[in-house]
4 protein chains.
Amino acid sequence: MQHDPLPDASRRKIGDSFARQDMMVTLGAALISIERGKVVISSPILDAMRQQHGFAHAAVTFALGDSAAGYSALSVMPEGAEVLTSEMKINLLAPAAGERLQAEGYVIKAGKRLVVVGATVVAFDGDQSRDVAVLRTAGHHGADRGVMQDGPL
Amino acid sequence: MQHDPLPDASRRKIGDSFARQDMMVTLGAALISIERGKVVISSPILDAMRQQHGFAHAAVTFALGDSAAGYSALSVMPEGAEVLTSEMKINLLAPAAGERLQAEGYVIKAGKRLVVVGATVVAFDGDQSRDVAVLRTAGHHGADRGVMQDGPL
Amino acid sequence: MQHDPLPDASRRKIGDSFARQDMMVTLGAALISIERGKVVISSPILDAMRQQHGFAHAAVTFALGDSAAGYSALSVMPEGAEVLTSEMKINLLAPAAGERLQAEGYVIKAGKRLVVVGATVVAFDGDQSRDVAVLRTAGHHGADRGVMQDGPL
Amino acid sequence: MQHDPLPDASRRKIGDSFARQDMMVTLGAALISIERGKVVISSPILDAMRQQHGFAHAAVTFALGDSAAGYSALSVMPEGAEVLTSEMKINLLAPAAGERLQAEGYVIKAGKRLVVVGATVVAFDGDQSRDVAVLRTAGHHGADRGVMQDGPL
């Protein structure tokens, strides 16, 4: 999957959606890069978001990976389309230790109706980095708001 | 799977672990019920945790379901054991709309080494409620801390 | 989910589809029960379908569970609709030992566009039985053949 | 993950296990390549293994991908170790049409106890090929046969 530059309208659509996600604000997350078929999101590991061993909670890893994957899907879809995400699988590879997490979402298949996307989440700890999770989902184009109201978002 | 009362030591172990999760505090989540093989966690839907359409972010649903499922696994394991969770599958059934989410974790299989658990997450909106997600994972007993440091938490 | 009787046309649609699956014939599988939202498929464990330890190969368990789940989805959908299955998660609970496997597919959520289904697969060994797997998928209505040709089947 | 040559003992262990899988014989499947962290399995699409639309049944795709992934895990594990596979996620990308399927299993993470592996399955149709599925699982080292008898295989 090559990563072409996106038209400004598509970039704005993704940026606007991201900005409306209070969760992303709460996490201190930022959109780092938007290309066609590839979106990168980064956030610090906040104290408020830790689990019982002091690492970032898996829900943070999930939030970043899910959003990066979803926006990578949106980046390859026709204008006006919405993504209907109904399931997500996450594999946790290592504790999310360090100062920062970064999720890269990418498109595996972009069909007329089905978009399969994945994400890799990396933790940065000083000058070290390591993969902490991989995610995968099959998203589906939502043709209209009726669909969105029926199904999960 | 019948749900026997748990010895106090096991209840304390789960309660202590929950209390050390800053993420649960941040979500305003509370342990509502701890039985052998079944754990219930509830939280309000905070403004800070919403996605772009105003519903609770899927990461909140994930956080509650993941914790409820994990603690239900812990509730059937021998004293001193830790759970190694390495993957989770979530199916989103409906938007997480309303005032409150509640996750019920339950044990599907408790083997000598393998514990398979699931969770259902329900949203309460006024006097209405509906299922918003189901989760499932296979956890593995971690015999010692070396294992926990090798693998994901 | 209650299980109403199905109109004969719907039962025939499922039966005809099942009969066209050479794989089901090869497995010696039979449709045991078709209700609205619940379909049961049973098969012997054939020698030709074993893995290296002499148990039924996980692919047999997958085949039965996947078909039972898919037909349970079809049983709640409008006439003329097709199911687009794009992902499946299987948890293996125990070795598939014995003479026979039986899969029960059931509907978890039946929305306007999204149908979430699951299946449980049980092994029968003499007068013993035990759960060997649980499956879950999110299927999507395929409105027309164009969709079916685009996506996976 | 680099792919070093494997010692002959490890190659024999994988080859012997594969040969004992009656299912692989029934599918006409062959081990095409065994490297450290990467195993390739190929099979024709037999008439006996088709679904209702004439494509290879998803269970065939699953069987090949599952085996390729599992053997790739085995290829990075210490001598004498067994793999305990307890769950698998498959995403179907396109109908399995054509003459032949080929699955490549690869290691995503090889830890002291946890091994995360994936597989990609490709269909060959004349001089065309396309990805038909991706699989992912987290396997766990089984230290002894007691473990293997407790859990799924």
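Below or above, wherever it landed, is the structure these notes cover. (Residues numbered from 1 in each chain as written. Chains lettered and ligands numbered in written order. Predicted model: local features only at pLDDT ≥ 70, side-chain atom pairs only at ≥ 80, totals over all residues. Heavy atoms only, no water.)

Take helix α1 (residues 8-19) of chain B next. All names here are of chain B. The terminal C-alpha atoms of α1, which comprises 12 residues, lie 16 Å apart, in line with the 16 Å expected from a rise of 1.5 Å per residue. Regarding α1, the residues found buried are I14, S17 and F18. The buried residues of α1 occupy an angular sector of 105° when the element is viewed end-on, so they sit on one face. Away from the buried face of α1 by more than 90 degrees, exposed residues D8, R12 and A19 are located. (Helix = DSSP H or I, 4+ residues; strand = E, 2+ residues; numbered from the N terminus. Expected span 1.5 Å × (residues − 1). Buried < 20%, exposed > 50% of the residue type's maximum accessible area, 1.4 Å probe, protein only. Arc of directions from axis to C-beta.)

In this section: the packing of aromatic side chains. Tallied over the full model, the rule gives 6 aromatic pairs over all chains. Here the aromatic rings of F62(C) and F62(D) are separated by 4.3 Å at their centres, their planes lie at 10°, and the arrangement is stacked. Taken as a pair, F62(C) in helix α3 (residues 58-74) and F62(D) in helix α3 (residues 58-75) lie in two separate chains rather than in one. Here F62(C) and F62(D) have matching classes, each one buried. (Phe/Tyr/Trp six-rings, centres within 6.5 Å; stacked < 30°, edge-to-face > 60°.)

Of the transformation placing chain B onto chain A, the axial shift is 0.0 Å and the rotation is 180°, giving an RMSD of 0.0 Å. This pairing of chains is accounted for by a two-fold axis. Looking at the rotation axis and the C-alpha trace of chain B, the residue lying nearest is K89(B), at 2.2 Å. Of the residues that chain B buries at the interface, 100% are likewise interface residues in chain A, meaning the two copies contact each other through the same surface. (Least-squares fit on C-alpha atoms with pLDDT ≥ 70 in both. Contact = heavy atoms within 4.5 Å.)

Looking now at the environment of I41(B). All names here are of chain B. By the element assignment, I41 lies in strand β2 (residues 38-44). Spatially, the C-alpha atom of I41 lies 22 Å from that of A81, the residues being 40 residues apart in sequence. Excluding residues that lie within four positions of it along the chain, I41 makes contacts with F18, A29, A30, L31, I32, L64, S67, A68, Y71, L101, Q102 and A103.

Contacts between the two partners involve 40 residues from chain B, matched on the other side by 40 residues from chain A. The interface formed by chain B and chain A holds 2 salt bridges in total. Between K89(A) and E87(B) there is a salt bridge whose closest N-O contact spans 3.7 Å. The interface formed by chain B and chain A contains 14 residue pairs in polar contact (both at pLDDT 80 or more). (Salt bridge = Lys/Arg side-chain N within 4 Å of Asp/Glu carboxyl O. Polar contact = N/O pair within 3.5 Å; in protein donor to acceptor, adjacent residues only side chain to side chain.)

A few words now on the pairing of strand β6 (residues 114-125) of chain A. By the criterion of burial, β6(A) is predominantly enclosed, with 9 of the 12 residues buried. Hairpin connection of strand β5 (residues 100-110) of chain A to β6(A): 3 residues between the antiparallel strands. (Pairing = 2+ DSSP bridges.)

Turning next to the interface of chain D and chain A. Chain D puts 15 residues into the contact, and the matching count from chain A is 15 residues. When chain D packs against chain A, the two sides together hide about 1,200 Å² of surface, and 53% of this comes from carbon and sulfur. When residues of chain D are sorted by the area they lose upon contact with chain A, K89(D), L93(D) and R136(D) head the list and together hold 49% of the total. The interface formed by chain D and chain A contains 2 salt bridges. If you look at where chain D meets chain A, you find 4 residue pairs in polar contact (both at pLDDT 80 or more). Of all the elements in the fold, those that place two or more residues in the side of chain D that touches chain A are β4 (87-92), β5 (100-110), β6 (114-125) and β7 (128-142) of chain D. Ranked by residues supplied to the side of chain D that touches chain A, first place goes to β7(D) with 5 residues. Its residues placed into classes, the side of chain D that touches chain A shows 9 nonpolar, 2 polar and 4 charged. (Buried area = accessible area lost by both parts, 1.4 Å probe. Nonpolar A, V, L, I, M, F, W, Y, C, P; charged D, E, K, R; others polar.)

So, about the pattern of salt bridges. Scanning the entire structure with this criterion turns up 16 salt bridges over all chains. Across the pair R50(A) and D47(A) runs a salt bridge whose closest N-O atoms are separated by 3.0 Å. Taking relative accessible area as the criterion, D47(A) reaches 55% and is therefore assigned exposed. Through salt bridges with shared partners, a single network forms among E87(A), K89(B), E87(C) and K89(D).

Copies of the same chain, two in number, are related to each other by a rotation about an axis and a translation along it. The transformation that overlays chain D on chain A combines an axial shift of 0.0 Å with a rotation of 180°, and the residual RMSD is 0.0 Å. Most of the interface of chain D is mirrored in chain A, where 100% of its interface residues are also at the interface.

Let us look at empty space enclosed by the protein. Residue and element names in this part refer to chain D. With the rule as written, the count across this model stands at 3 cavities of 30 Å³ or more. Looking at the largest cavity, its volume works out to about 60 Å³. In terms of lining, the largest cavity is formed by S10, K13, I14, L74, S75, M77 and E79. It is helix α1 (residues 8-19) that contributes the most residues to the lining of the largest cavity, 3 residues altogether. (1 Å grid on protein atoms, 1.4 Å probe; cavity = no way out; pocket = protein on both sides within 12 Å on 5 of 7 lines; lining within 4 Å. Points joined across faces, edges and corners; volume = space filled by probe spheres on them.)

On to the nonpolar core, then. If you look at the biggest cluster of nonpolar residues, it comprises 86 residues, and the most contacted ones within it are L101(C) and L101(D). M49(A), A96(A), A56(B) and M88(B) belong to the second largest nonpolar core, which has 85 residues in total. (Core = buried A, V, L, I, M, F, W, Y, C linked by side-chain atoms within 4.5 Å.)

One can find Q51(A) in the loop between β2 (38-44) and α3 (58-74). Engagement of the side chain of Q51(A) in a polar contact is seen with the backbone nitrogen of H53(A), the distance being 2.7 Å.

Here the focus is the packing of α1(D) against α3(D). Residue and element names in this part refer to chain D. Viewed as axis vectors pointing N to C, α1 and α3 meet at an angle of 150°, and their least axial separation amounts to 10 Å. Considered as vectors, α1 and α3 are oriented roughly antiparallel to each other. As for the relative orientation of α1 and α3, their crossing is right-handed in sense. Across the interface between the two elements, K13, I14, S17 and F18 from α1 touch Y71, L74 and S75 from α3. By residue class, the composition of the contact of α1 with α3 is 4 nonpolar, 2 polar and 1 charged. (Axes fitted to C-alpha atoms, helices over the stretch in contact; angles between N-to-C directions. Parallel < 35°, antiparallel > 145°, perpendicular 65-115°, else oblique. Left-handed = near helix turned anticlockwise from the far one by under 90°.)

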